[in-house]
Amino acid sequence: LTGKSPEYCGYVAGLLARYDPDRDRAFSVLEIALEEHPGSLNLNMARGGYELADAAAGQELNRAQVEVALRHFELAIAIRPDFGPAYSLLAASLAMSGKFREAFAAIDRAVQKSPDSSLAWFMHADFYARSPRKDVAIASCRRCLEIDPDFARAQSLLERLTAK
């Protein structure tokens, strides 16, 4: 991978993660690629995403993996502060770490940075649906559905929130 672009390295790691039963190989490729390209937004997002998914996959939450994910999402934000998806995944990581105040701030930033993203608005709604601020969750669901009227999970969440 030496001398290859971060996009190429990320592509190889993605293929390995998807098709190779040995997920450690994909992590190894990402680690090598990150050593070569520590300032790559895509590689930091990929590494954070893999860590976050693996952290939640077991019977018990792997807090060490959540912390690694947090670090990579924070690096992604430092690389590109206007990249909304990094804030969404940072919010999920912070919530998994029990840092709820910071998680809500991050999910609010996600919709500020990506106001036309139905996924960002859905994640915003999903966060607030678990809080006392159901009004914010309802408004976020409605915004999500304005952008993408066929977003089934947002439709379902809105129905649950307004069923009372």
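A brief report on the enclosed structure follows. It should be emphasised that the depicted structure is a prediction, and the values quoted were computed from it without experimental measurement.

Two numbers describe how helix α5 (residues 84-96) lies on helix α6 (residues 100-113): the axes approach to 8 Å, and their chain directions differ by 165 degrees. The angle between α5 and α6 falls in the class roughly antiparallel. Of the two elements, α5 crosses α6, and the hand of that crossing is left-handed. Where α5 abuts α6, its residues G84, Y87, S88, L90, A91, L94 and A95 lie against F100, E102, A103, A106, I107, R109, A110 and K113. Its residues placed into classes, the contact of α5 with α6 shows 10 nonpolar, two polar and three charged.

This paragraph deals with the pattern of salt bridges. One pass over the structure, following the stated rule, counts eight salt bridges. The salt bridge involving R133 is made with D135; its shortest N-O contact spans 3.0 Å. By relative accessible area, which is 42% here, R133 ends up partly exposed. The exposure class assigned to D135 is partly exposed, which follows from its relative accessible area of 45%.

For S140, the position within the fold is in helix α8 (residues 134-147). The class of S140 is buried, set by a relative accessible area of 2%. In this structure S140 touches W121, H124 and A125, once residues within four positions along its chain are discounted.

What follows covers α5. If you check α5, its first and last C-alpha atoms are 19 Å apart, about what 13 residues at 1.5 Å a residue would give, namely 18 Å. Among all positions in α5, only G84, A86, Y87, S88, L90, A91, A92, S93 and L94 are buried. Those residues of α5 hidden inside the fold are in contact with α3 (41-57), α4 (63-79), α6 and α7 (118-129).

Grouped together as the largest cluster of nonpolar side chains are 39 residues, with contacts concentrated most on M45, L90, I107, L157 and L161. Going through the elements one at a time, α3, α4, α5, α6, α7, α8 and α9 (152-162) are the ones with two or more residues in this core. It is α7 that provides the largest number of residues to this core, a total of eight residues. When residues no more than four places from it in sequence are discounted, the contact partners of L161 are A129, K134, A137, I138 and C141. In this structure, C9, A26, L30 and L34 belong to the second largest nonpolar core, which totals 13 residues.

Criteria and cut-off values
Residues numbered from 1 in each chain as written. Predicted model: local features only at pLDDT ≥ 70, side-chain atom pairs only at ≥ 80, totals over all residues. Heavy atoms only, no water. Axes fitted to C-alpha atoms, helices over the stretch in contact; angles between N-to-C directions. Helix = DSSP H or I, 4+ residues; strand = E, 2+ residues; numbered from the N terminus. Parallel < 35°, antiparallel > 145°, perpendicular 65-115°, else oblique. Left-handed = near helix turned anticlockwise from the far one by under 90°. Contact = heavy atoms within 4.5 Å. Nonpolar A, V, L, I, M, F, W, Y, C, P; charged D, E, K, R; others polar. Salt bridge = Lys/Arg side-chain N within 4 Å of Asp/Glu carboxyl O. Buried < 20%, exposed > 50% of the residue type's maximum accessible area, 1.4 Å probe, protein only. Expected span 1.5 Å × (residues − 1). Core = buried A, V, L, I, M, F, W, Y, C linked by side-chain atoms within 4.5 Å.

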